[in-house]
Amino acid sequence: AEAEVRLLLQEARESIEAARSYRQELEQRLRGLHQARNQIRESATLTRDVLEQHFNDLKGTLKKLLDERLMSLLQEVDAIEQESIKPLDECQKLIEHGVSTADELLREGESAIHGDVGQQNEKLCSFTKKALHIQLDSLPEVPALVDVPCLSAQLDDCLLTILKNEIFRHGTVASRPPVQLEEFVEKPGGILVRWCKVDDDFIPQDYRLQYRKGTASHFEDVYVGSETEFIVLHIDPNVDYQFRVCARGDGRQEWSPWSVPQIGRTTLVPHEWTAGLEGYSLSSRRNIALRNDSQSCGVLYSKAPTYFCGQTLTFRQVLSGIETVGQPDRRDSLGVCVEQQNGSDSLQRDKAVCVSTNGAVFVNGKEMTNQLPAVTSGSTVTFDMEVVQLGPSSNEGGSFKLRVTISSNNREVVFDWVLDQCCVSLYFGCSFSYPGWKVLVF
């Protein structure tokens with residue numbers, strides 16, 4: 001009986017635990033539904049506001065444009081009217097002057113005919129001479145009605161049809177954006193952001209990625225291009241950043257709606273070069289090293305062993321002020337090492353793997369037969385490592401083995417790097433003999 005009771009109690013406890021887990025799962029799903037409902041309502045409210053603001057702006061702009069066009073046409077009517085009336089006014093003045101002259105001549109003629117007989121001859125002679133001088137047979141030309149302007153307005157009703165068609169096609173409401181954020185991958189001092197197209201009918205031409213730090217009020221552009229991933233650098237560790245992406249359809253100018261904003265963060269501190277080494281100048285964030293004109297030579301190491309197995313370490317040769325890379329030397333190298341060795345002039349040594357600027361690969365100071373392309377302006381060299389063996393290895397004389405993949409310009413070299421000690425975090429470094437080399441690390 002006791003065994004049966006214990007069994008029942010155990011079953012009851014398991015059922016209670018299952019019910020608790022079930023309840024927690026249901027509560028989590030309720031929270032998910034609540035978030036989904038809020039997203040729909042908030043995005044609908046925002047969309048209404050955007051539509052109302054946009055169409056109010058359009059109304060104001062259209063009214064302003066119509067008023068400007070009306071004013072322009074009215075001014076054109078005024079100009080034509082004034083220009084056409086001016087010669088008629090001049091002709092009217094000429095005719096009125098002629099009428100006044102004729103009235104005066106008529107009065108003189110009446111006075112000469114009916115005047116005193118003694119002075120009649122003199123008045124008649126004077127009147128006759130005056131009449132001959134005035135040229136009573138010369139009349140001003142008055143234009144016919146068909147020869148003067150008759151203003152009218154030509155207003156094509158098809159404008160309303162065109163506007164109506166354009167207005168009814170203007171704007172769309174999308175239930176979901178055509179692209180969405182897909183993945184965030186932590187990088188030292190950065191985040192690799194990936195996105196994907198979720199609308200099969202949408203043909204993207206360009207993507208636009210934005211981000212903002214924490215609760216900042218404004219997003220800022222960080223990438224515009226055709227790729228579907230981008231490494232955002234200069235990210236502070238353990239700080240939330242909000243990202244969103246949109247796209248521009250093939251042959252279109254406007255951008256699509258933004259994706260649902262998502263939070264990304266990195267816990268990895270940024271890679272930094274060691275400051276203070278003569279021969280190298282560093283950027284403000286100490287992630288870019290420039291070989292300067294100093295005659296001093298040596299290896300520039302990272303500030304700390306911040307490269308961990310399982311990550312990707314990237315060196316990128318960027319342009320310096322002289323638009324070219326420096327003169328190459330066989331000792332030049334980019335790579336990783338177990339420990340710093342001050343006084344060494346190259347990474348082509350024991351406990352290090354590196355690539356020279358001519359593409360040669362060195363493992364523990366020995367050159368491999370496989371070779372990569374030479375490092376030139378804009379070249380990117382990446383190191384990927386993973387642990388493949390722990391413990392003794394009598395065949396190769398080591399106890400720790402790393403699988404190393406070095407890639408450059410679409411070519412890669414893969415090999416095993418055997419060490420005599422366990423090492424999962426490494427220093428990185430570079431050495432250049434001549435000025436002009438400028439390397440970004442991330």
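Basis of the calculations
Residues numbered from 1 in each chain as written. Predicted model: local features only at pLDDT ≥ 70, side-chain atom pairs only at ≥ 80, totals over all residues. Heavy atoms only, no water. UniProt positions renumbered as here; feature names shortened; annotations may be inferred. Pairing = 2+ DSSP bridges. Helix = DSSP H or I, 4+ residues; strand = E, 2+ residues; numbered from the N terminus. Axes fitted to C-alpha atoms, helices over the stretch in contact; angles between N-to-C directions. Core = buried A, V, L, I, M, F, W, Y, C linked by side-chain atoms within 4.5 Å. Buried < 20%, exposed > 50% of the residue type's maximum accessible area, 1.4 Å probe, protein only. Polar contact = N/O pair within 3.5 Å; in protein donor to acceptor, adjacent residues only side chain to side chain. Contact = heavy atoms within 4.5 Å. Expected span 1.5 Å × (residues − 1). pLDDT = per-residue confidence, 0-100.

As annotated in an unreviewed UniProt entry, the chain is Cytokine receptor-like factor 3 from Nyctiprogne leucopyga. Check the Subcellular location (unreviewed entry) section of the UniProt entry for the chain; it says "Cytoplasm". UniProt, in the comment section headed Sequence similarities (unreviewed entry), describes the chain in these words: "Belongs to the cytokine receptor-like factor 3 family."

Engineer: Which residues make up the sheet that holds strand β6 (residues 241-249), and what values go with them?
Structural biologist: Spatial strand order, β4-β3-β6-β7: 4 strands in an open sheet with antiparallel pairing. With partners counted over all chains shown, the strands left at the sheet margins are β4 (220-225) and β7 (262-264), one partner each. Going across the sheet, the axis of each strand differs from the next one's by a mean of 30°, ignoring polarity. By the bridge criterion, 5 bridges tie strand β3 (residues 204-213) to β4 in an arrangement that is antiparallel. The residue bridging Q210 from the neighbouring strand is D221, located in β4.

Engineer: Give a description of the sheet that holds strand β5 (residues 229-233) that names residues and reports values.
Structural biologist: Reading across from one edge, β1-β2-β5 is the order of the 3 strands in this open sheet, with antiparallel pairing throughout. Each edge of the open sheet carries a strand with a single partner, namely β1 (179-187) and β5. Put simply, the sheet's adjacent strands are angled 25° from each other on average, direction ignored. In terms of strand pairing, strand β2 (residues 190-197) meets β5 through 5 bridges, oriented antiparallel. Opposite L192, over in β5, you have I231 as the bridge partner.

Engineer: Got a sec to walk through the nonpolar core? Specific residues and values, please.
Structural biologist: Among the nonpolar cores identified, the biggest contains 35 residues, and M385 and W417 are the most heavily contacted of them. Among the nonpolar cores identified, the runner-up in size contains 16 residues, and L209, Y223, I235 and F243 belong to it.

Engineer: Which residues make up the UniProt feature "coiled-coil region" (unreviewed entry) in the chain, and what values go with them?
Structural biologist: This chain's UniProt record puts "coiled-coil region" (unreviewed entry) on residues 9-83. Taken end to end, residues 9-83 is 100% helix and 0% strand, and its first and last C-alpha atoms sit 109 Å apart.

Engineer: Quick rundown of the side chain of D329? Include the residues and the values.
Structural biologist: Secondary-structure assignment places D329 in the loop between β12 (312-317) and β13 (333-337). Within the structure, the side chain of D329 is placed 2.9 Å from the backbone nitrogen of R331, a separation counted as a polar contact. Excluding its chain neighbours within four sequence positions, the residues that come into contact with D329 are T357, S433 and Y434.

Engineer: Please give an account of unusual backbone geometry that cites residues and values.
Structural biologist: Positive phi values are uncommon outside glycine, yet R286 reaches one of about 60°. Residue placement: R286 occurs in the loop between β8 (280-282) and β9 (288-291). Judged by its relative accessible area of 31%, R286 falls in the partly exposed class. Look at N364: it is not a glycine, yet its phi comes out positive at around 50°. One can find N364 in the loop between β15 (360-363) and β16 (366-371).

Engineer: Any chance you could break down helix α1 (residues 2-114) for me, citing the residues and the numbers?
Structural biologist: For α1, spanning 113 residues, the distance from its first C-alpha to its last is 163 Å, which sits close to the expected 168 Å at 1.5 Å a residue. For α1, the full list of buried residues reads S84, C91, L105, G109 and A112.

Engineer: Talk me through the confidence of the model for the chain; I want residue IDs and the actual numbers.
Structural biologist: Fine structural detail should not be taken from predicted coordinates in areas where pLDDT scores are low. In this model, the chain carries an average pLDDT of 88, and 94% of its residues clear a pLDDT of 70 or more. In the predicted structure, residues 393-397 sits below a pLDDT of 50 and forms 4 contacts with residues beyond four places in sequence or in another chain.

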